[in-house]
Amino acid sequence: MIENSREKKKKALRIDWFTIIVVLALVAIGLVSIASIMASPFSGSERTLSDYLEKLNLEFVQRQAQNFLVGVAAMLVMLVFDFHIYKSVINYIYIANIGVILLLFAFGVIRGGAQGWFALDSINRAVQPAELSKVTLIVIISKYVSAAMDKDGKLVRFKDIMICVALCALPAGLIIMQNDLGSALVLIVILVIILFVGRISWKWIVSAAAAMLIGSPLLYFYVLSDFQRKRIDVFLNPELDPLKSGYNVIRAKMSIGSGQLYGKGYFTQGTLAQLRFVPERHTDFIFAGIGEGLGFVGGVAIICLYFALAFRWLWTAIKANDSFGTCMVTGAIGMLMAHTFENIGMNIGLMPVTGIPLPFISYGGSNLLTNMMVVGIVLNVHMRRPQKR
């Protein structure tokens, strides 16, 4: 699809600034939170700027800022080309993605119990292919579901449904085998959301729910590893293993509770985050430090930002140029909300600990790169929406 220069200029003026502003706000909150949480404990005697700077550990802030710049570059790549071009290359990208995930069994390193990273020691970085597979799945499932919608009006053919299920099951199964249940569940959420938008028959939804109900015990006893089963057990009763598996949850809840209504503030004396009270305080459990620093009010404000972003993307999905754009944006919403609900839920003890980061806020290059690529997809669909619908 070739666009002339006048059309390109018109579309450039239709950038979704609301999405950009909210994303920038979340990234800024993340950078400030990381700076405060990773600082050396403040004594309360600091008076000058130099006194505060001496206590700060800006290594992770600088690296996250670099991650963001890489993410912005990836976002621009996803934005500049008409999103319909994704259809012609996504099958090859999907195959490559599966190949990379398979390589993890031989060359991957273990972090947090999951063998899901390639270590790049020369640049002191690590890449997590499971994160990038989320973008791949959003596009390839959207391709097949939108094709079925364009042909039959909705997703009705058993063959089309099974193709989508298989496309999700392959990477999800491999990722589960690498002990990364959280990322696999996000892939399943993406699939379910896009199938629902494809107006899949309720008989398939009821059948899938029944299969999950029956298959859950089998999955628990015969598929999940001991490590994964223990996480579920500790989720149901954190006191079962308070010094190991339940340690993070118990301490995260205590940290959030200590913030009370308005929080202790950032860069202040006596915060549990600076005392290393919560492990993984700058990644998976960063919301515990935010809850302590900003309190209940600040935590709710951040949740409202995520909901505002999700509703804005829902509006973009409704106004999209075609079903392919609609499916991709709703898949992006599914990924965003799955991460948000799971991360905040595990920090307050309402969800099992699965190693899912908080979008745009948690430290981590692969996750931030994935989120920025998804932002590029949403901005692309928004920019190319029809003037009137």
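In case you missed it, the structure is sitting above this.
S.K.: Just to check I follow, could you spell out the pattern of salt bridges for this structure?
M.R.: Any two side chains of opposite charge can pair if their charged atoms end up close together. Counted by the stated rule, this structure contains five salt bridges. Here Arg312 makes a salt bridge to Asp16, at a shortest N to O gap of 3.0 Å. Of this pair, Arg312 sits in helix α12 (residues 286-318) while Asp16 sits in the loop between α1 (5-12) and α2 (17-37), and the two are 296 residues apart along the sequence. Relative accessible area serves as the criterion here: at 0%, Asp16 is assigned to the buried category. In this structure, Arg63 engages Glu59 in a salt bridge whose closest nitrogen and oxygen atoms are separated by 3.4 Å.

S.K.: How should helix α6 (residues 129-152) be read in this particular structure?
M.R.: What sets the pattern is the α-helix's 3.6 residues per turn: residues three or four places apart point alike. Along its 24 residues, α6 runs 34 Å from first to last C-alpha, staying within 8% of the 34 Å computed at 1.5 Å per residue. Most of α6 is tucked away: 18 of the 24 residues are buried. Gly153, located one to two residues past α6, shows a positive phi value of around 90 degrees.

S.K.: Could you clarify how one ought to interpret the packing of aromatic side chains in this entry?
M.R.: The geometry of two aromatic rings is summed up by the distance between their centres and the angle between their planes. Evaluation of the coordinates by the stated rule reveals six aromatic pairs. Ring centres 5.2 Å apart and planes at 90 degrees place the aromatic pair Phe60 and Tyr363 in the edge-to-face group. A residue pair is termed long-range when its members are at least 10 positions apart, and Phe60 in helix α4 (residues 59-80) and Tyr363 in the loop between α13 (323-347) and α14 (365-383) qualify at 303 residues. Judged on exposure class, the residue Phe60 and its partner Tyr363 are both buried. Look at Phe307 and Phe341: their rings are 6.1 Å apart centre to centre, the planes differ by 90 degrees, and that puts the pair in the edge-to-face class. Placement of Phe307 in helix α12 and of Phe341 in helix α13 is noted, with a sequence separation of 34 residues between them. You can call Phe307 partly exposed: its relative accessible area is 33%. Ring pairing ties together the aromatic residues Phe42, Tyr266 and Phe267, which thus form one cluster. Between Lys87 and the ring centre of Phe324, over which it is positioned, the NZ or CZ distance is 4.8 Å. Lying across the ring of Trp315, Arg312 places its NZ or CZ 4.9 Å from the centre.

S.K.: Where do I start with the side chain of Arg63 in this structure?
M.R.: Take Arg63: it is sitting in helix α4. Here Tyr363 takes part through its side chain, which lies 3.1 Å from a polar atom of the side chain of Arg63. Once residues within four sequence positions are removed from consideration, Arg63 is found in contact with Asn124, Arg125 and Tyr363.

S.K.: Would you mind going over the environment of Ile90 with me for this structure?
M.R.: Residue position: Ile90 is located in helix α5 (residues 86-107). What makes Ile90 buried here is its relative accessible area of 4%. For the pair Ile90 and Ile140, spaced 50 residues apart in sequence, the C-alpha to C-alpha distance is 6.0 Å. Setting aside chain neighbours within four positions, we find Ile90 in contact with Thr136, Val139, Ile140 and Lys143.

S.K.: Please explain empty space enclosed by the protein as it appears in this structure.
M.R.: Rolled over the atoms, a probe sized like a water molecule indicates the empty space that remains. In total, this model carries four cavities of 30 Å³ or more according to the counting rule given. Here the second largest cavity is characterised by a volume of approximately 50 Å³. Taken together, Ser36, Ile37, Gly265, Tyr266, Thr271, Ala273, Gln274, Gly289, Glu292 and Gly293 make up the lining of the second largest cavity. Contributing elements (two or more residues each) for the lining of the second largest cavity: α2 and α12. With three residues, the single largest contributor to the lining of the second largest cavity is α12. For the lining of the second largest cavity, a count of residues per class yields three nonpolar, six polar and one charged.

S.K.: Sorry, what's going on with the pairing of strand β2 (residues 114-120) here?
M.R.: Along a regular strand, successive side chains alternate from one face of the sheet to the other. Sheet analysis places strand β1 (residues 109-111) next to β2, joined by two bridges and oriented antiparallel. If you follow Val109 over to β2, its bridge partner there is Trp117. Pairing of β2 with strand β3 (residues 125-127) involves three bridges; the strand directions are antiparallel. By the bridge assignment for β3, Phe118 is matched with Val127.

S.K.: How should a nonpolar patch on the surface be read in this particular structure?
M.R.: Residues Leu76, Val77, Val80, Phe81 and Ile85 make up a contiguous nonpolar surface patch of roughly 460 Å² in combined accessible area. One can find Val77 in helix α4.

S.K.: Could you clarify how one ought to interpret the packing of helix α7 (residues 158-177) against helix α8 (residues 181-197) in this entry?
M.R.: At their nearest, the axes of α7 and α8 sit 8 Å apart, and the two run at 170 degrees to each other. For the element pair α7 / α8, the angle class is roughly antiparallel. Between α7 and α8, the contacting residues are Cys164, Val165, Cys168, Pro171, Ala172, Ile175 and Ile176 on the first element and Leu181, Ser183, Ala184, Leu187, Ile188, Leu191 and Leu195 on the second. A breakdown of the residues in the contact of α7 with α8 according to their chemical character gives 13 nonpolar, one polar and no charged.

S.K.: Any chance you could explain the sheet that holds β1 here in plain terms?
M.R.: One key point about sheets: their strands pair by backbone hydrogen bonds, in either a parallel or an antiparallel sense. Spatial strand order, β1-β2-β3: three strands in an open sheet with antiparallel pairing. Among the strands making up the open sheet, the edge pair consists of β1 and β3. The sheet shows a mean angle of 55 degrees between the axes of neighbouring strands, taken without regard to direction. Contacting β1 and β2, α5 crosses the sheet at an angle of about 90 degrees to β2.

About the cut-offs
Residues numbered from 1 in each chain as written. Predicted model: local features only at pLDDT ≥ 70, side-chain atom pairs only at ≥ 80, totals over all residues. Heavy atoms only, no water. Salt bridge = Lys/Arg side-chain N within 4 Å of Asp/Glu carboxyl O. Helix = DSSP H or I, 4+ residues; strand = E, 2+ residues; numbered from the N terminus. Buried < 20%, exposed > 50% of the residue type's maximum accessible area, 1.4 Å probe, protein only. Expected span 1.5 Å × (residues − 1). Phe/Tyr/Trp six-rings, centres within 6.5 Å; stacked < 30°, edge-to-face > 60°. Lys NZ or Arg CZ within 6 Å of the ring centre and 35° of its normal. Polar contact = N/O pair within 3.5 Å; in protein donor to acceptor, adjacent residues only side chain to side chain. Contact = heavy atoms within 4.5 Å. 1 Å grid on protein atoms, 1.4 Å probe; cavity = no way out; pocket = protein on both sides within 12 Å on 5 of 7 lines; lining within 4 Å. Points joined across faces, edges and corners; volume = space filled by probe spheres on them. Nonpolar A, V, L, I, M, F, W, Y, C, P; charged D, E, K, R; others polar. Pairing = 2+ DSSP bridges. Patch = residues over 30% accessible without salt bridge, like charges linked within 9 Å, V, L, I, M, F, W, Y side chains within 5 Å. Areas by Shrake-Rupley, 256 points an atom, 1.4 Å probe, with all protein chains shown as cover. Axes fitted to C-alpha atoms, helices over the stretch in contact; angles between N-to-C directions. Parallel < 35°, antiparallel > 145°, perpendicular 65-115°, else oblique.

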